[in-house]
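The primary structure of each chain is shown beneath.
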Amino acid sequence: MNQIPEKLLKPYDPKETEQRIYKTWEASGFFNPETCIKKGYTKADAKPYTIILPPPNVTGILHMGHALMIAIEDLMIRYYRMNGRRTLWLPGTDHAAIATQSKVEKDIAKKEGKNRHDLGREELLKRIEKFAQESHDTIVEQVKRTGASVDWTREAFTLDEKRSLAVRTAFKNMFDDGLIYQGKRIVNWDPKGQTTISDDEIVYKEEKTKFYYFKYGPFVIGTSRPETKFGDKYVVMHPDDKRYAEYKDGQKIDLEWINGPITATVIKDTAIDMEFGTGVMTITPWHSVVDFEIAERHNLDKEQIIDKYGKLLPITGEFSGMKITDARAKIVEKLRSKGLVEKEEDYTHNTATAERTGGMIEPQIMNQWFVAVNKKFTIKNSNIEGIASGSETTLKEIMSKTVSSKQIQIIPEYFDKTYFHWIENLRDWCISRQIWYGHRIPVWYKGKEIYCGIEAPKEEGWTQDEDTLDTWFSSGLWTFSTLGWPEKTQDMEIYHPTDVLETGYEILFFWVARMILMTGYHIGTIPFHTVYLHGTVRDAKGQKMSKSLGNGIDPIDVADKYGADAGRMALIMSGSAGTDSKLSEDKIKGYKHFANKIWNIARFVLTSTTDMPEENASTKITILPADQALIDALNAQVVDVTKDIEEYRFYMAAEKIYHYIWSEFADVIIEQSKPILAGADIAAKNSRQKTLLTILTTSLKVLHPFMPFVTEELWSLIIPNSDKMLIVENWPII
RNA sequence: GGACGAUUAGCUCAGUUGGUUAGAGCAUACGAUUCACAUUCGUAAGGCCACUGGUUCGAAUCCAGUAUCGUCCACCA
């Protein structure tokens, strides 16, 4: 070791280094576990270690949250790869049905002034696919910039051919088992987006409005929505309400209403809050979830008042065809002229709006497809603890048992409670969407006949259901659809169940719970052993990063300016599982300095060891006790860091390494070494030289999962003739 | 309304499951230095660990309550 590489004499330049190093990794094939086996770096019978990358949506570009996710997953993957595990990290992207379609529709409306009906299904889909493809390509480039050691040969897309087959197969199996059914149910209809949306996609916004009290026969009813009241022929009160004890359940009362006399029926139901308003209400089952449930319980008639476009139907008489907002005042006026308005008050309440389109939700009863979460079915082969093969179970039970038995461990643990709370309140999952982009429901109709199959029926005359599936239906299959299911593949055999699912806590219910449901049902096992939930990355002030606020930090800008390594370190160091973190450029800058620090340490060590004698069988350098003590201290650190990584305390592991390298190695050990290296005692000098090299190489190995680029680059400079890259080096074993 | 968190130095956060004198980074002050370091080093100051009570030989840590902030869920006619 005589030559000091010229590059090393200048400050570390991450921009030049990182992209070059990534290409070297790609060319090596080491992201692919089978290549590692072929080259002898992983044993053929090694225990697998699998992470499936939560697929970013093809709606745009990656943000800091993705960068955090990748930093943590790559850290685990590189750590386990260095530990000799058969390590697979499988990448992919998500078509994100509603989000993507509405993004493209918005663009088209803005640029061309057209809506989707102007374009037609085929043309719109073409446009969306083009957008999705471009978005996908950008995302892939971004993922590469972060240093992610994902196996690109296995890349998947939630809407590609193999995943589509998985979706149709999954649908058919559940359909045949009676777990998917079509039903008239009240759904959240978004008149603006012309689609249903799930409960989870609703955003409640505060609205100031009027609260009216109307005379309804002998009662006074309260409402903020007079326009729905036309069909109200049931008046409901709590059975224990003494004020209305004289009225009996089922009693008929003739009264004067908006468009003339009607006969109302008294219903007693405990869903009524005696404290609210007058304690009496009329119900509109077609347009209210609570009312619908009351109507179901008492087997009452349901009538539609408002159409899909938010306009009043002929049942409203003279108001027919009017928009809700226009009609409301006129209806109140009419009631007032009839002397039926008791009083009105100012009222603030939460209205439901669609997250994607901002449209006001108008509940409607519609034909939709559902997954029955409480329906019993026989599970064929079960590896789920507490649910035996061949026993009767429900999807809800699968979701709950896998976690309560700790077969699936959630980190941080306290999210268990939130998870169970959610499961308890879970209703049947509405999986149909009235949009065009996504997996079309594999059901065909011919007259009154209905056919569900993986492929379209061969005979003529069948038409396919117009709806598509909720995007979470396909992502629910993600851990096994990516591994080739429904084919019986070797990948499934080897890599499933996966080890860790690492994702943001905000999609615990959307996604994690649905993966548990789908995997339990289709595979009879768990999708992963551990769920690691990371927090939200916020700006320095603690605000969410968003486009509208313009406070986002672009991971690519970070990579350009400070290096991806620095960005990764800043993200990993920003906090523990489940807690939000604040990120500022200053923080990232600090870790750029750190990368340069290691660079300089390496320069010092290399220039100080050029005259170290080469070792061979006859001439061995003896390590003196003082130096052995330094190595022992480092080893103790490595043990500590290893434990922290295995127990998911990544921030702590990172901090320990950082602290060791800067405050111990650089500030103490190197400073102490200077007189020894310049001294006359050759034995002491050689011992120290060898020790410095040992400490440097060990430090690089331990730091590699955190800062892969700078460590790999230094590795190649330190050991120039080795063909073994740091990525496949062995984790220091003590 | 229900659930779950958080509250520690000026700021951002640790504190590994109860154990010496509560730590780090940034920022601040003072000093050193051109030495592997454009990006260096040392020293210092800075804390009623939100508050009240309890358990314990011992509490930032466990329990109960209060306050403030945050997140999620539900949503009322």
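All values derive from a computational prediction rather than experimental measurement.

Enquirer: Got a sec to walk through helix H11 (residues 415-424)? Specific residues and values, please.
Expert: Taken together, the buried positions of H11 are occupied by Phe415, Asp416, Tyr419, Trp422 and Ile423. Looking straight down H11, one finds its buried side chains confined to an arc of 130 degrees; they lie on one side. The exposed set on the far side of H11, more than 90 degrees from its buried face, consists of Lys417, His421 and Glu424. Against the buried residues of H11 lie helix H10 (395-404), strand E17 (409-411), helix H15 (508-522) and strand E25 (528-534).

Enquirer: I'd like a description of the protein's contact with RNA strand B, backed by residues and values.
Expert: Taken together, the neighbourhood of RNA strand B is formed by 44 residues, with Tyr204, Phe276, Tyr347, Tyr651 and Trp662 sitting nearest. The sugar-phosphate share of atoms of RNA strand B within 4 Å of the protein amounts to 60%. Here Tyr651 contributes a side-chain N or O atom positioned 2.6 Å from a phosphate oxygen of RNA strand B. Between Trp662 and RNA strand B, the recorded distance is 2.3 Å, taken from a side-chain N or O atom to a phosphate oxygen. It is helix H18 (residues 585-608) that contributes the most residues to the surface near RNA strand B, nine residues altogether.

Enquirer: Just give me the short version of the sheet that holds strand E6 (residues 195-197), but keep the residues and values in it.
Expert: Taken in spatial order, the four strands of this open sheet run E6-E5-E14-E18, and their pairing is antiparallel. A strand with exactly one partner marks an edge of an open sheet, and here the two such strands are E6 and strand E18 (429-430). Bridge count for strand E5 (residues 180-190) against E6 is three bridges, and the pairing is antiparallel. Bridge pairing in E6 links Asn188 to Ile197.

Enquirer: Break down the packing of H11 against H15 for me, citing the residues and quoting the values.
Expert: Direction vectors running N to C along H11 and H15 enclose 80 degrees, while the axes themselves pass 11 Å from each other. Put simply, H11 runs roughly perpendicular to H15. Across the interface between the two elements, Phe415, Thr418, Tyr419 and Trp422 of H11 pack against Leu508, Phe509, Ala513, Arg514 and Ile516 of H15. Looking at the contact of H11 with H15 residue by residue, the classes come out as seven nonpolar, one polar and one charged.

Enquirer: An account of the pairing of strand E11 (residues 260-268) is requested, with residue identities and associated values reported.
Expert: Both strand E9 (residues 234-237) and E11 contribute to a ladder of four bridges, which runs parallel. Across the sheet, the residue bridging to Val235 is Val266, located in E11. The pairing of strand E10 (residues 252-257) with E11 spans six bridges and is classified as antiparallel. Note that in E11 the partner of Leu255 across the bridge is Ile262.

Enquirer: Residues and numbers for the pairing of strand E14 (residues 362-371), please.
Expert: Of all 10 residues in E14, nine are buried; the element is thus mostly enclosed. The pairing of E5 with E14 spans 10 bridges and is antiparallel. Opposite Val187, over in E14, you have Gln364 as the bridge partner. Here E14 runs beside E18; their pairing, made up of two bridges, is antiparallel.

Enquirer: So what's going on with unusual backbone geometry? Which residues, and what values?
Expert: A cis amide bond links Ile411 with the next residue in sequence, Pro412, at an omega value of 0 degrees. Within the element layout of this structure, Pro412 appears in the loop between E17 and H11. At the junction of Trp485 and Pro486, the peptide bond is cis and its omega measures out at 10 degrees in the coordinates. The residue Pro486 is located in the loop between helix H13 (478-481) and helix H14 (490-495) in this model. The phi torsion at Ala96 lies on the positive side, around 45 degrees, for a residue other than glycine. Tracing the sequence through the fold places Ala96 in the loop between strand E3 (92-93) and helix H4 (97-112).

Enquirer: Give a detailed account of the sheet that holds strand E21 (residues 449-452), specifying residues and quantitative values.
Expert: Strand order in this open sheet of three strands is E21-E20-E22, and the pairing throughout is antiparallel. The open sheet has two edge strands with one neighbour each: E21 and strand E22 (463-464). Both strand E20 (residues 443-446) and E22 contribute to a ladder of two bridges, which runs antiparallel. Residue pairing in the sheet places Trp444 in a bridge with Gln464 of E22.

Enquirer: Describe the side chain of Glu502, listing the residues and the values that go with them.
Expert: Take Glu502: it is sitting in strand E24 (residues 498-504). Buried charge Glu502 goes without a salt bridge, the closest partner of opposite sign being Arg568 at 12 Å. Side chain to side chain, Glu502 and His534 meet in a polar contact 2.6 Å long. Among all residues touching Glu502, those that are not within four sequence positions of it are Pro54, Met69, Ile72, Glu73, Met76, Tyr532 and His534.

Enquirer: With reference to specific residues and values, describe the packing of aromatic side chains.
Expert: Counted by the stated rule, this structure contains 38 aromatic pairs. One aromatic cluster is present, formed by Phe171, Phe175, Trp369, Trp429 and Phe473 through successive ring pairs. Across the ring face of Trp152, the terminal group of Lys144 is positioned such that the distance to the ring centre comes to 5.4 Å. Cation over ring: Arg185 sits above Phe370, and NZ or CZ is 4.9 Å from the ring centre.

Enquirer: Report on the pattern of salt bridges, specifying residues and quantitative values.
Expert: Considering all chains together, one arrives at 51 salt bridges under this definition. With a shortest N-O distance of 3.4 Å, Arg116 and Glu105 are connected by a salt bridge. Pair noted here: Arg116 is in helix H5 (residues 116-119) and Glu105 is in helix H4, with a separation of 11 residues, a long-range link. For Arg116, a relative accessible area of 6% translates into the label buried. Among the salt bridges present, the one from Glu293 reaches Arg427, with a minimum N-O distance of 2.7 Å. Of this pair, Glu293 sits in helix H8 (residues 289-298) while Arg427 sits in the loop between H11 and E18, and the two are 134 residues apart along the sequence. Given the relative accessible area of 31%, Glu293 is considered partly exposed.

So, how was this worked out
- Residue indices begin from 1 for each chain and proceed along its sequence in written order.
- Starting at A for chains and at 1 for ligands, labels are handed out in the order in which the entities are written.
- Local features in this predicted model are restricted to residues whose pLDDT is 70 or higher, and side-chain atom pairs enter the listing and the counts only when it is 80 or higher, whereas totals over whole chains, interfaces and linings include all residues.
- Excluding hydrogens and water, the side-chain values take into account all heavy atoms of the structure.
- Think of it in three bands: residues with accessible area under 20% of the maximum for their type are buried, residues over 50% are exposed, and the middle band is partly exposed, with areas taken using a 1.4 Å probe on protein chains only.
- To qualify as a helix, a DSSP run of H or I must reach at least 4 residues; to qualify as a strand, a run of E must reach at least 2; elements of each kind are numbered from the N terminus.
- The arc under discussion is defined with respect to the helix axis, by the directions toward the C-beta atoms.
- Contacts are assigned to residue pairs that have any heavy atoms within 4.5 Å of one another.
- Near residues are defined by distance, with any heavy atom within 4 Å of the molecule or strand qualifying the residue.
- Distance and chemistry together define a polar contact, namely a pair of N or O atoms within 3.5 Å, with one atom able to donate a hydrogen and the other to accept it when in protein, and with adjacent residues in sequence counting only for side-chain atoms on both sides.
- Paired strands are those between which DSSP finds at least two bridges.
- In this analysis, axes come from line fits to C-alpha atoms, helices being fitted only over the stretch in contact, and the angle between any two N-to-C directions falls in the range 0 to 180 degrees.
- Just so you know how the angles are binned, under 35 degrees is roughly parallel, over 145 roughly antiparallel, 65 to 115 roughly perpendicular, and the rest oblique.
- Side-chain classes are defined by residue name, with Ala, Val, Leu, Ile, Met, Phe, Trp, Tyr, Cys and Pro counting as nonpolar, Asp, Glu, Lys and Arg as charged, and the others, Gly among them, as polar.
- Note on charges: Lys and Arg go in the positive column, Asp and Glu in the negative column, and His and the chain ends are not counted at all.
- Any carboxyl oxygen of Asp or Glu that lies within 4 Å of a side-chain nitrogen of Lys or Arg is treated as forming a salt bridge with it.
- In this scheme Phe, Tyr and Trp rings, the latter by its six-membered ring, pair at centre separations within 6.5 Å, and the angle between planes marks the pair as stacked below 30 degrees, edge-to-face above 60, and tilted otherwise.
- When the NZ atom of lysine or the CZ atom of arginine is within 6 Å of a ring's centre and also within 35 degrees of its normal, the charge is said to sit over that ring.

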